[in-house]
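# Structural description and commentary
The primary structure of each chain is shown beneath.
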Amino acid sequence: DEIIAHSRAAAQLFNSGRVKEAHGKLEEAEASFRAARKLNPQEPQAVINMAVSMLNSQRFDDAVRYWKEAGDLLPAGRMRDWAGGKARWAAYGKVSTQRDRIYAAGQGNLSQALVLITQQLEIYPDFPTLHHDKATVHVMLSALHANSTGEALASFAAAQEFSLRAWQAGLRQQGSSSCCSSCGGVVYDWPAHLDESGGGGALVSMDWLVDPSDGLPYGDEQLFSDGRAFVAKFRGVGIAGDDGLILDEAGCHIFVTSSGRWAHAARNLQMLETWKGPAE
């Protein structure tokens, strides 16, 4: 009870910006924790209380240490996995706070922010938002680094692929679709998809609009040209998010519109957080 009382006080002080006082309360909580451990060294609850306290006060290294210690005391299986997930989340929190400070809403050190995003991906490699963030930073750095454009395209593609998998997993969990892990995909080339399906899927037809100026160069240096436009007809689909992604739940496809690779799929889709464990 003393541990919990001191920990709650520390969290309240930390949230109000009284960091020094919060650390003082945490020291009192740790003193109570050490006394409790002497009485029952194999009891994991006191360790869990300390782990939560450290995480709430953003003492991430201590939180990771206590969660790992709690995991060693918990029975193998779901409970130990739960503690391991909490330790991973605390480690992610540490890198995230560093990244937010370095990135400074796009005005900070972008190269260092990219390093920290890479560290975040080492913790959650399937997290689509992180891949999109990585791509965005590469775009911002493309004027300085020749390889940044290629890295950005690869990261945008990874973001959409992991979003697809998480969306499909959510459909399976809801029982609204039998999407398998290798079914469907992200559709960029609609005409090729239509040719392959023969109009038997969600994309039924495409009517091309002919314009005499299609394909002709224009602009001061004749650098621009327009492709042909078309009207596509679908059946049994939904539209998701501000980017208007077209969702084919039956066929497990996501049709990406004109924004293409740049569309932030994770912001447009309802997804199962497959990149995290049940505790995170």
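Scroll up to find the structure this text is about.
Described below are features of the structure shown in this document. Here the structure is a predicted model, which means the values were calculated and not measured. (Residues numbered from 1 in each chain as written. Predicted model: local features only at pLDDT ≥ 70, side-chain atom pairs only at ≥ 80, totals over all residues. Heavy atoms only, no water.)

Turning next to the layout of surface pockets. Estimated volume of the largest pocket: approximately 170 Å³. The wall of the largest pocket is formed by 13 residues, among which Trp-167, Leu-171, Gln-174, Gln-270 and Met-271 lie closest to the centre. At five residues, the largest contribution of residues to the lining of the largest pocket is made by helix α8 (residues 148-174). When grouped by side-chain class, the residues that make up the lining of the largest pocket number seven nonpolar, five polar and one charged. (1 Å grid on protein atoms, 1.4 Å probe; cavity = no way out; pocket = protein on both sides within 12 Å on 5 of 7 lines; lining within 4 Å. Points joined across faces, edges and corners; volume = space filled by probe spheres on them. Helix = DSSP H or I, 4+ residues; strand = E, 2+ residues; numbered from the N terminus. Nonpolar A, V, L, I, M, F, W, Y, C, P; charged D, E, K, R; others polar.)

All right, on to helix α7 (residues 128-141) then. Here α7 spans 20 Å end to end across 14 residues, near enough to the 20 Å set by a 1.5 Å rise per residue. Here α7 lies mainly inside the structure; 10 of its 14 residues are buried. Packed against the buried residues of α7 are α5 (78-103), α6 (110-123), α8 and α10 (265-268). (Expected span 1.5 Å × (residues − 1). Buried < 20%, exposed > 50% of the residue type's maximum accessible area, 1.4 Å probe, protein only. Contact = heavy atoms within 4.5 Å.)

Strand order in the open sheet formed by four strands is β1-β6-β5-β4, with mixed pairing between adjacent strands. This sheet does not close on itself; its edge strands, each paired only once, are β1 (185-187) and β4 (238-240). Adjacent strand axes in the sheet meet at a mean angle of 30°, parallel and antiparallel pairs treated alike. Packed on one face of the sheet, α8 meets β1, β5 (245-248) and β6 (253-255) and runs near 125° to β1. Its contacts with the sheet put helix α9 (residues 190-197) on β1, β5 and β6, and the angle it makes with β6 is roughly 140°. (Pairing = 2+ DSSP bridges. Axes fitted to C-alpha atoms, helices over the stretch in contact; angles between N-to-C directions.)

Moving on, we get to the state of the cysteines. On inspection of all chains with the given rule, the structure shows two disulfides. Residue pairing for Cys-179: its cysteine sulfur links by disulfide to Cys-252, the two sulfurs lying 1.9 Å apart. Disulfide Cys-179-Cys-252: torsion about the S-S bond near -110°, hence left-handed. One end of the pair, Cys-179, is in the loop between α8 and β1; the other, Cys-252, is in the loop between β5 and β6, with 73 residues separating them in the sequence. Judged by its relative accessible area of 4%, Cys-252 falls in the buried class. (Disulfide = S-S within 2.5 Å.)

Viewed as axis vectors pointing N to C, helix α3 (residues 44-56) and helix α4 (residues 60-73) meet at an angle of 160°, and their least axial separation amounts to 8 Å. Taken together, α3 and α4 sit at an angle that is classed as roughly antiparallel. Crossing of α3 against α4: the hand is left-handed. Taking contact as the criterion, the partners of Pro-44, Val-47, Ile-48, Met-50, Ala-51, Val-52, Met-54 and Leu-55 in α3 are, on α4, Phe-60, Asp-62, Ala-63, Tyr-66, Trp-67, Glu-69, Ala-70 and Leu-73. In the contact of α3 with α4, the residues fall into 14 nonpolar, no polar and two charged. (Parallel < 35°, antiparallel > 145°, perpendicular 65-115°, else oblique. Left-handed = near helix turned anticlockwise from the far one by under 90°.)

Our next topic: the packing of α4 against α5. Here α4 crosses α5 at 170°, and the two axes come no closer than 8 Å. It follows from the interaxial angle that α4 and α5 lie roughly antiparallel. Counted together, Phe-60, Asp-61, Ala-63, Val-64, Trp-67, Lys-68, Gly-71 and Asp-72 of α4 and Arg-80, Trp-82, Ala-83, Lys-86, Ala-87, Ala-90, Ala-91, Gly-93, Lys-94 and Thr-97 of α5 form the full contact between these two elements. Among the residues forming the contact of α4 with α5, the class breakdown is nine nonpolar, three polar and six charged.

Turning our eyes to something else, we now look at unusual backbone geometry. Unusually for a residue other than glycine, Ala-105 sits at a positive phi of about 55°. Here Ala-105 is to be found in the loop between α5 and α6. On the accessibility criterion, Ala-105 (68% relative accessible area) is exposed. Residue Cys-252 is not a glycine yet carries a positive backbone phi of 65°.

Close approach of charged atoms allows side chains of opposite charge to pair. Applying the stated criterion across every chain yields a total of six salt bridges. Between Arg-59 and Asp-62 there is a salt bridge, with the nearest N and O atoms lying 2.9 Å from each other. Overlapping salt bridges bring together Arg-59, Asp-62 and Arg-65 as one network. (Salt bridge = Lys/Arg side-chain N within 4 Å of Asp/Glu carboxyl O.)

Let's shift gears to the side chain of Asp-133. Mapped onto the elements of the fold, Asp-133 is located in helix α7. For Asp-133, a relative accessible area of 19% translates into the label buried. Here the side chain of Asp-133 touches Arg-99 through a polar contact of 2.9 Å, side chain to side chain. Apart from residues no more than four positions distant in its own chain, Asp-133 is found in contact with Arg-99 and Ile-117. (Polar contact = N/O pair within 3.5 Å; in protein donor to acceptor, adjacent residues only side chain to side chain.)

On to the nonpolar core, then. One finds Phe-33, Met-50, Met-54, Ala-63, Tyr-66 and Trp-67 to be the most contacted residues of the largest nonpolar core, which totals 20 residues. With seven residues, α3 is the single largest residue contributor to this core. In contact with Met-54, not counting residues within four places along its chain, are Leu-26, Glu-30, Arg-59, Asp-62, Ala-63 and Tyr-66. Within the second largest apolar cluster, 15 residues are counted, among which are Leu-114, Leu-121, Leu-141 and Ala-166. (Core = buried A, V, L, I, M, F, W, Y, C linked by side-chain atoms within 4.5 Å.)

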